[in-house]
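Residue strings, one per chain:
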Amino acid sequence: MPPFEKSIPVMSLLPLFSALQDQGTELELLLAKHGLELEKLSATSKVDFHTYTEITRESLRCINDPILGITLGEQVTMTSYGLFAMLLLSAPSLKQMIDCAVQFQRLSLNICTVSVHYVNDYLELRQTLPQLPDKRLKTYFVDYDFAGTAAFIREITRDIPSLTIVSGIAREHPGRDKLNAFTRLLGSSPQFEQAYSWVRIPTKMMTLKSLSTATHWLISSTKHKLKNWSIKCIPIQVICARK
């Protein structure tokens, strides 16, 4: 299902909601413009693609941060995916985990379409964005989805020794702050001005599975805190709680 036709989990907006509240934005008023009530949202709530992009567009007007997409994208960790992450961690190899992630990507928190390709000795995860109404919104989602995918790859391969990941991103060469953010995330600078964003992993790594990563995730939890509302993600279920 193309991303622009699917509903987007409200979970993917939590980092953006937190950033808005951190700078004093009245989140309730922003959501009310789109017929949403913060207190009625749950971890299983979804919004349509148009509403999702319009909320994001208005949020970008409120937050003047050139590396916001990268900062928020890398916060989308395995714990953010709930049962989808359990499905991925049940795969017996890195290749099967990636295949599973691509097959069930409609459950992910990104808006891009991800496809698998083989380039020389690398498996390439290629990201394609749907049409977006303006350049600023496109740049944000390019950064957000790329950072989220890079963080995901980094998390599931963190215990694989000598892993070299190369990448490219569908955006112009950034300023120093954003370049430093990409380098910190990846350990190296990606190639810029690409037709689409991509992350490449050596095919020789595809039979490996990082079991300790799975163990680490199974015993960990994360909480996104919002004013008067919180979502706590744990391996077996997602719990929403009013304070």
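Residues numbered from 1 in each chain as written. Predicted model: local features only at pLDDT ≥ 70, side-chain atom pairs only at ≥ 80, totals over all residues. Heavy atoms only, no water.

### Regarding the side chain of Ser167
Take Ser167: it is sitting in strand 5 (residues 166–168). Once residues lying within four places of it in the same chain are set aside, the contact partners of Ser167 are Phe146, Leu186, Pro190, Gln191, Trp198 and Val199. (Helix = DSSP H or I, 4+ residues; strand = E, 2+ residues; numbered from the N terminus. Contact = heavy atoms within 4.5 Å.)

### Describing helix 1 (residues 14–22)
When you tally the buried positions in helix 1, you get 8 out of 9 residues, the bulk of the element. Residues Leu14, Pro15, Leu16, Phe17, Ser18, Ala19, Leu20 and Gln21 constitute the buried set of helix 1. Of the residues flanking the end of helix 1, it is Gly24, one or two places downstream, whose phi is positive at about 90°. (Buried < 20%, exposed > 50% of the residue type's maximum accessible area, 1.4 Å probe, protein only.)

### Focus: the packing of helix 1 against helix 3 (residues 49–62)
Helix 3 packs onto helix 1 with a crossing angle of 30° between their chain directions and a minimal axis gap of 11 Å. With respect to helix 3, the element helix 1 is oriented roughly parallel. As for the relative orientation of helix 1 and helix 3, their crossing is left-handed in sense. On the side of helix 1, the interface is formed by Leu16, Phe17 and Leu20, while helix 3 contributes Ile55, Thr56, Ser59 and Cys62. Classifying every residue of the contact of helix 1 with helix 3 by side-chain character gives 5 nonpolar, 2 polar and no charged. (Axes fitted to C-alpha atoms, helices over the stretch in contact; angles between N-to-C directions. Parallel < 35°, antiparallel > 145°, perpendicular 65-115°, else oblique. Left-handed = near helix turned anticlockwise from the far one by under 90°. Nonpolar A, V, L, I, M, F, W, Y, C, P; charged D, E, K, R; others polar.)

### Some thoughts on the sheet that holds strand 6 (residues 197–202)
Backbone hydrogen bonds hold the strands of a sheet together, and the pairing may be parallel or antiparallel. Spatially, 3-4-6-5 is the arrangement adopted by the 4 strands of the open sheet, whose pairing is antiparallel. With partners counted over all chains shown, the strands left at the sheet margins are strand 3 (113–119) and strand 5, one partner each. Sheet twist, expressed as the mean angle between neighbouring strand axes with direction ignored, is 20°. The sheet contact formed by strand 3 and strand 4 (residues 122–128) spans 7 bridges and is antiparallel. Paired with His117 across the bridge in strand 4 is Glu124. Contacting strand 4, strand 5 and strand 6, helix 7 (residues 135–156) runs over the sheet at an angle of about 15° to strand 6. (Pairing = 2+ DSSP bridges.)

### Thoughts on the packing of helix 3 against helix 7
Between helix 3 and helix 7, the shortest axis-to-axis distance is 10 Å and the interhelical angle comes to 100°. In terms of orientation, helix 3 and helix 7 fall into the roughly perpendicular class. Here Tyr52, Thr53, Thr56, Arg57, Leu60 and Arg61 of helix 3 lie close against helix 7, whose contacting residues are Arg136, Leu137, Tyr140, Phe141 and Tyr144. When grouped by side-chain class, the residues that make up the contact of helix 3 with helix 7 number 6 nonpolar, 2 polar and 3 charged.

### Describing the pattern of salt bridges
The tally for this structure, following the rule as stated, stands at 10 salt bridges. Close ionic contact of Arg57 with Asp134 constitutes a salt bridge, the shortest N to O distance being 2.6 Å. With Arg57 in helix 3 and Asp134 in the loop between strand 4 and helix 7, this residue pair connects regions lying 77 residues apart in the sequence. Under the relative-accessibility criterion, Arg57 is labelled buried at 19%. Classification of Asp134 as partly exposed rests on a relative accessible area of 23%. Ionic pairing is found between Lys178 and Asp143, a salt bridge with its closest N-O pair at 2.8 Å. Of this pair, Lys178 sits in helix 8 (residues 176–186) while Asp143 sits in helix 7; the two residues are 35 residues apart in sequence, bridging distant segments of the chain. What makes Lys178 buried here is its relative accessible area of 10%. Accessibility expressed as a relative area gives 1% for Asp143, which makes it buried. Shared partners join several salt bridges into a network, and the residues in it are Glu54, Arg57 and Asp134. (Salt bridge = Lys/Arg side-chain N within 4 Å of Asp/Glu carboxyl O.)

### Overview of the layout of surface pockets
By volume, the second largest pocket amounts to about 220 Å³. Lining the second largest pocket are 15 residues, with Thr128, Leu129, Lys138, Val142 and Ala170 sitting closest to its centre. Taken together, the residues that form the lining of the second largest pocket break down as 9 nonpolar, 4 polar and 2 charged. (1 Å grid on protein atoms, 1.4 Å probe; cavity = no way out; pocket = protein on both sides within 12 Å on 5 of 7 lines; lining within 4 Å. Points joined across faces, edges and corners; volume = space filled by probe spheres on them.)

In short, the description is geometric, and any link to function would need to be established separately.
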